[in-house]
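Structural features, examined
The residues making up each chain are set out below.
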Amino acid sequence: MKRLVDCKLYVITGEAYHPGREQLEVMEAAIRGGADIVQLRDKTSNRAALLAKAKALRALTRRLGALFVVNDDLEVALEAEADGVHLGQDDLAIGEARRLAGSRLLIGISTHNLAQALEAERAGADYIGVGPVYPTPTKPGRPPVTTSYVAEAAARIRIPFFAIGGISPETADDVLAAGARRLCAVSAVVGSADPAGVCRALKRHIAEWEARDAGGEPEAEGVRVTVNGRDVAVRSVTLRALAESLGLDSMRVMAERNGEAVPRADWAQVAIRDGDRIEFVHFVGGG
């Protein structure tokens with residue numbers, strides 16, 4: 001089983017973002033793409049249904065070697081043999097959770113400012129969430145903390161922290177530039193048609209910044225794809241980034257990936273992978 005300190009990408013469930021697809025199917029794809037931790041977050045199911053989902057995800061994460069965390073409910077976390085429980089600021093206090101769970105569970109807590117982060121560290125949290133960095137539908141009405149708080153956490157907090165809230169391949173570099181080296185995503189992963197691809201893209205961003213930390217350079221070659229019939233190496237992580245790198249983002253262009261048309265609105269969510277065949281068709285004049 002993974003150690004928390006080695007975990008870089010944390011993915012939270014969100015069934016509302018993938019209608020028609022099973023939660024286990026989506027989360028398995030996320031783990032196979034690189035998610036190190038999976039959290040079950042479900043505010044609507046009754047306890048029996050929540051426990052059933054927790055046990056199913058426990059079995060999946062155990063089989064694939066990811067950590068498993070239950071949001072809010074310490075009893076469900078213990079009964080499902082989860083690795084941890086994640087608490088909000090208004091949930092059970094960290095000290096009380098530790099008294100009930102002992103060393104059996106990792107304890108994480110959401111924080112929205114540096115004072116909360118320092119208090120969580122002092123109280124014995126194993127990790128904290130830092131966010132929401134950007135506005136996000138998973139936290140409606142909560143103002144974003146912006147990358148300023150990420151930078152404060154990077155400078156002052158010594159336990160692992162995961163930046164959360166609006167994290168996607170498009171926003172990852174700004175958050176990592178502020179000092180985060182662990183990311184947490186919800187809709188960008190579970191709402192994507194390709195959860196594994198988005199996870200791979202996020203892990204690639206993290207690896208690039210860790211390489212810079214180590215004084216090295218990111219891998220120069222990137223991934224090999226075919227663009228309009230030419231085999232090339234690119235470092236773009238999404239279809240939108242690739243279009244931008246080619247100077248096509250402001251043009252009237254349609255895109256196909258592996259023979260399937262991709263609406264422009266989805267370009268930022270479509271990860272570029274080794275072996276992809278990309279076609280950009282540029283409309284000239286009337287069409």
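Cut-offs used in this document
Residues numbered from 1 in each chain as written. Predicted model: local features only at pLDDT ≥ 70, side-chain atom pairs only at ≥ 80, totals over all residues. Heavy atoms only, no water. Pairing = 2+ DSSP bridges. Helix = DSSP H or I, 4+ residues; strand = E, 2+ residues; numbered from the N terminus. Axes fitted to C-alpha atoms, helices over the stretch in contact; angles between N-to-C directions. Buried < 20%, exposed > 50% of the residue type's maximum accessible area, 1.4 Å probe, protein only. Arc of directions from axis to C-beta. Contact = heavy atoms within 4.5 Å. Polar contact = N/O pair within 3.5 Å; in protein donor to acceptor, adjacent residues only side chain to side chain. Phe/Tyr/Trp six-rings, centres within 6.5 Å; stacked < 30°, edge-to-face > 60°. Core = buried A, V, L, I, M, F, W, Y, C linked by side-chain atoms within 4.5 Å. Parallel < 35°, antiparallel > 145°, perpendicular 65-115°, else oblique. Left-handed = near helix turned anticlockwise from the far one by under 90°. Nonpolar A, V, L, I, M, F, W, Y, C, P; charged D, E, K, R; others polar. Disulfide = S-S within 2.5 Å. Right-handed = clockwise from strand over helix to strand, strands pointing away.

**Some words on the sheet that holds strand β10 (residues 230-234)**
Adjacent strands of a sheet pair through backbone hydrogen bonds, lying either parallel or antiparallel. In space, the five strands of this open sheet follow the order β10-β9-β13-β11-β12, with mixed pairing throughout. Of all the strands in the sheet, just β10 and β12 (260-262) have a single pairing partner and so form its edges. This sheet shows a mean twist of 35° between the axes of neighbouring strands, independent of strand direction. Of the strand pairs in this sheet, strand β11 (residues 253-257) and β12 are connected by three bridges, and their pairing is antiparallel. Along β12, the bridge assignment pairs Ala-255 with Val-262.

**Details of helix α5 (residues 114-123)**
Looking at α5, one finds that the buried residues are Leu-114, Ala-117 and Ala-120. Down the axis, α5 shows its buried residues gathered within 125° of arc, on one side only. Turned more than 90 degrees away from the buried face of α5 sit Ala-115 and Arg-122, all of them exposed. Looking at the buried side of α5, the elements it contacts are α4 (94-101), β5 (106-111), β6 (127-130) and α6 (146-156). Capping the start of α5 is the job of one residue whose side-chain oxygen sits 3.2 Å from the backbone nitrogen of Ala-115: Asn-113. Of the residues trailing α5, Gly-124 is marked for its positive phi of about 100°.

**Let's talk about the packing of aromatic side chains**
By the definition in use, this model includes four aromatic pairs. Ring geometry for Tyr-10 versus Tyr-127: centroids 5.7 Å apart, planes at 55°, classification tilted. With Tyr-10 in strand β1 (residues 9-12) and Tyr-127 in strand β6, the pair connects residues that are 117 residues apart, well separated along the chain. Tyr-10 sits in the buried class, given a relative accessible area of 2%.

**Describing the sheet that holds β1**
Pairing within the closed barrel is parallel, and its eight strands lie in the order β1-β2-β3-β4-β5-β6-β7-β8. This sheet shows a mean twist of 25° between the axes of neighbouring strands, independent of strand direction. Relative to strand β8 (residues 183-185), β1 runs parallel, the two being bridged by three bridges. Each residue of the ladder has a partner; that of Tyr-10, found in β8, is Cys-184.

**Describing the nonpolar core**
The biggest cluster of nonpolar side chains holds 71 residues, and the ones touching the most others in it are Val-11, Ile-128, Leu-183, Val-189 and Leu-202. In terms of nonpolar packing, the next biggest core, distinct from the first, is built from 17 residues, Val-223, Ala-243, Val-253 and Ala-255 among them.

**Observations concerning the packing of helix α1 (residues 23-33) against helix α9 (residues 195-213)**
Remark: α1 packs on α9, axes separated minimally by 7 Å, with the N-to-C direction vectors making an angle of 30°. By the angle between their axes, α1 is roughly parallel relative to α9. Helix-helix and strand crossings are classified by hand; for α1 and α9 the assignment is right-handed. The segment α1 lies against α9, with Val-26, Ala-29, Ala-30 and Gly-33 engaging Pro-195, Ala-196, Cys-199 and Arg-200. Class assignment for the residues of the contact of α1 with α9 results in six nonpolar, one polar and one charged.

**Here's the deal with the state of the cysteines**
Enumeration according to the criterion identifies zero disulfides in this entry. Unpaired in terms of disulfides, Cys-7 finds its nearest cysteine sulfur in Cys-184, a separation of 12 Å. When its relative accessible area of 0% is taken as the criterion, Cys-7 is described as buried. As a non-bridged cysteine, Cys-184 has Cys-199 as the owner of its nearest cysteine sulfur, 11 Å distant. Judged by relative accessible area, which is 3%, Cys-184 ranks as buried.

**Overview of the packing of α1 against helix α2 (residues 47-64)**
Where α1 meets α2, the closest approach of the two axes is 11 Å, and the angle between their N-to-C directions is 30°. The orientation of α1 relative to α2 falls into the category roughly parallel. The handedness of the crossing between α1 and α2 comes out as right-handed. Contacts between α1 and α2 involve Gln-23, Leu-24, Met-27, Glu-28, Ile-31 and Arg-32 on the former and, on the latter, Lys-53, Ala-56, Leu-57, Leu-60, Thr-61, Arg-63 and Leu-64. Of the residues contributing to the contact of α1 with α2, the split by class is seven nonpolar, two polar and four charged.

**Topic: the pairing of strand β4 (residues 84-87)**
Two faces belong to every sheet, and in a regular strand the side chains alternate between them. The side-chain alternation of β4 yields two buried faces, one formed by Gly-84 and His-86 and the other by Val-85 and Leu-87. Two strands pair when backbone bridges link them, and strand β3 (residues 67-71) and β4 are joined in this way by three bridges, in the parallel orientation. Residue pairing across strands places Asn-71 opposite His-86, the latter belonging to β4. The handedness of the β3 to β4 crossover, carried by helix α3 (residues 74-79), is right-handed. Of the pairings in the sheet, the one linking β4 to β5 comprises four bridges and is parallel in character. Residue pairing across strands places Val-85 opposite Ile-107, the latter belonging to β5. Considered for its hand, the β-α-β crossover made up of β4, α4 and β5 is right-handed.

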